[in-house]
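Per-entry structural report
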Amino acid sequence: MTNPSSPKSNYRFIRIPVETAESVIGSLLEFPFYISQQAQHYWLRYSADNELCRAAALSIPAEHFSLHAEDYLVPNGAQIATERLPKLTWNSLRDFVKLRLPRVNLAGRLQAKQIAVWELHRGGKEQAAEAALYDAVALNQWLTTASAARVASLRFCTAAIAHDTVNARHDTSAIVFVVGKPLPPIPCQFLCKHGRIFIPAGYHWVPSLDSSIVEQSFGVQLDQWLLWTVDFGWTLLVENHCLPLSRASLRATLKEMSTSN
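Residues numbered from 1 in each chain as written. Predicted model: local features only at pLDDT ≥ 70, side-chain atom pairs only at ≥ 80, totals over all residues. Heavy atoms only, no water.

1. Observations regarding the overall build of the protein chain
- Within the protein chain one finds eight helices and 17 strands.
- In the protein chain, which comprises 261 residues, the share counted as buried stands at 42%.
- Contacts spanning at least 24 positions in sequence make up 69% of the contacts within the protein chain whose residues lie at least 6 apart.
- Total accessible area on the protein chain stands at roughly 14200 Å², and carbon and sulfur atoms take up 51% of it. (Helix = DSSP H or I, 4+ residues; strand = E, 2+ residues; numbered from the N terminus. Buried < 20%, exposed > 50% of the residue type's maximum accessible area, 1.4 Å probe, protein only. Contact = heavy atoms within 4.5 Å. Areas by Shrake-Rupley, 256 points an atom, 1.4 Å probe, with all protein chains shown as cover.)

Here is the structure:
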């Protein structure tokens with residue numbers, strides 16, 4: 001048990017009702033979050049300077065706050081503090097989950113130590129790729145000569161993947177997720193599908209748990225896909241956001257992204 005330094009540091013906070021927290025915090029286990037319980041809520045704390053934590057936090061349906069002055073909380077989207085941060089004792093989220101298994105979704109199905117150690121390892125059964133990640137420039141160039149019939153079965157969306165701090169990309173090219181067959185025959189990272197999860201071809205997760213358990217831990221909804229990569233972390237994609245692939249649709253999407261940025 002720890003009680004790290006005062007909240008004067010640049011922290012952000014999430015408040016989640018106990019009855020819903022247990023079904024969503026599994027997706028945060030690979031990041032340095034801290035947790036504390038107060039009455040009918042769990043509080044989560046993370047560094048506002050950690051980009052991976054910020055990206056993961058946005059996927060959590062809960063009350064989100066930034067810190068103002070000593071201990072005043074400002075709700076996301078607001079400019080005025082609405083309440084004070086209670087005095088809490090913080091524990092590492094990963095250590096906390098090892099002590100308390102979620103009662104609703106995972107109780108009796110996992111050992112505590114298994115929850116925090118899911119990793120992608122090379123190997124596993126050979127499987128045909130059903131999607132791939134492409135560099136947008138290279139994909140757009142291929143589309144200039146591809147026939148309409150060749151791309152008719154393909155859909156795409158841009159993948160806003162949280163960059164891993166160690167293996168971060170050094171270029172600014174957009175990453176495009178393409179699903180369908182046959183996939184464009186240009187350099188890419190092929191992906192295999194397991195339930196609603198896409199992982200790189202040639203990899204499997206350890207421990208080898210049923211895909212439904214992994215989906216529950218990451219909070220994957222029925223209209224979503226989990227894109228779990230080796231180099232770029234993971235992200236959730238909304239299935240019906242994938243558009244029919246064409247040069248025009250790709251260019252329009254990339255133009256919209258550049259305008260919004």
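2. Some points on the environment of Ala 39
- Along the chain, Ala 39 falls in the loop between β2 (34-38) and β3 (41-47).
- Using a relative accessible area of 63% as the deciding quantity, one classes Ala 39 as exposed.

3. Here we look at the pairing of strand β11 (residues 175-179)
- Counting buried residues along β11, five of its five residues qualify, which places the element largely inside the surrounding structure.
- Neither face of β11 is left uncovered, since the one carrying Ile 175, Phe 177 and Val 179 and the one carrying Val 176 and Val 178 both have all their residues buried.
- Across five bridges, the pairing between strand β9 (residues 131-135) and β11 is antiparallel. Its bridge partner being in β11, Tyr 134 is matched across the sheet by Val 176.
- Across four bridges, the pairing between strand β10 (residues 155-158) and β11 is antiparallel. Pairing of Phe 156 across the sheet is with Val 178, part of β11. (Pairing = 2+ DSSP bridges.)

4. Side note on the sheet that holds β2
- With respect to topology, seven strands assemble into an open sheet ordered β6-β5-β4-β1-β3-β2-β7, the strand pairing being antiparallel. The open sheet has two edge strands, β6 (83-84) and β7 (91-92), and neither has a second partner.
- Relative to strand β5 (residues 72-75), strand β4 (residues 63-68) runs antiparallel, the two being bridged by four bridges. By the bridge assignment for β5, Ser 66 is matched with Val 74.

5. Here's the deal with the pattern of salt bridges
- Counted according to the given criterion, the structure contains four salt bridges.
- As a salt-bridge pair, Arg 84 and Asp 71 come within 3.1 Å of each other at their nearest N and O atoms. Of this pair, Arg 84 sits in strand β6 while Asp 71 sits in the loop between β4 and β5, placing them 13 residues apart in sequence.
- Classification of Asp 71 as buried rests on a relative accessible area of 17%.
- For Glu 239, the salt bridge goes to Arg 196, with nearest N and O atoms at 2.6 Å. Here Arg 196 lies in the loop between β12 (189-194) and β13 (197-200) and Glu 239 lies in the loop between β16 (234-238) and β17 (243-244), a separation of 43 residues in the sequence.
- Among the residues examined, Glu 239 registers a relative accessible area of 25% and is labelled partly exposed.
- When salt bridges with common partners are traced through the structure, they connect Arg 15, Glu 63 and Glu 83 into a single cluster. (Salt bridge = Lys/Arg side-chain N within 4 Å of Asp/Glu carboxyl O.)

6. Here we look at unusual backbone geometry
- Cis rather than trans, the peptide bond between Lys 181 and Pro 182 has omega equal to -5°.
- With respect to the secondary-structure elements, Pro 182 resides in the loop between β11 and β12.
- In the Ramachandran plot, Ala 39 falls in the positive-phi region, its phi being about 50° despite a non-glycine side chain.

7. Quick word on the side chain of Ser 211
- You can see Ser 211 is positioned in helix α7 (residues 211-218).
- The buried category is assigned to Ser 211, whose relative accessible area is 19%.
- If we ignore the near neighbours within four places in the chain, the residues touching Ser 211 are His 194, Gly 195, Ile 197 and Trp 205.

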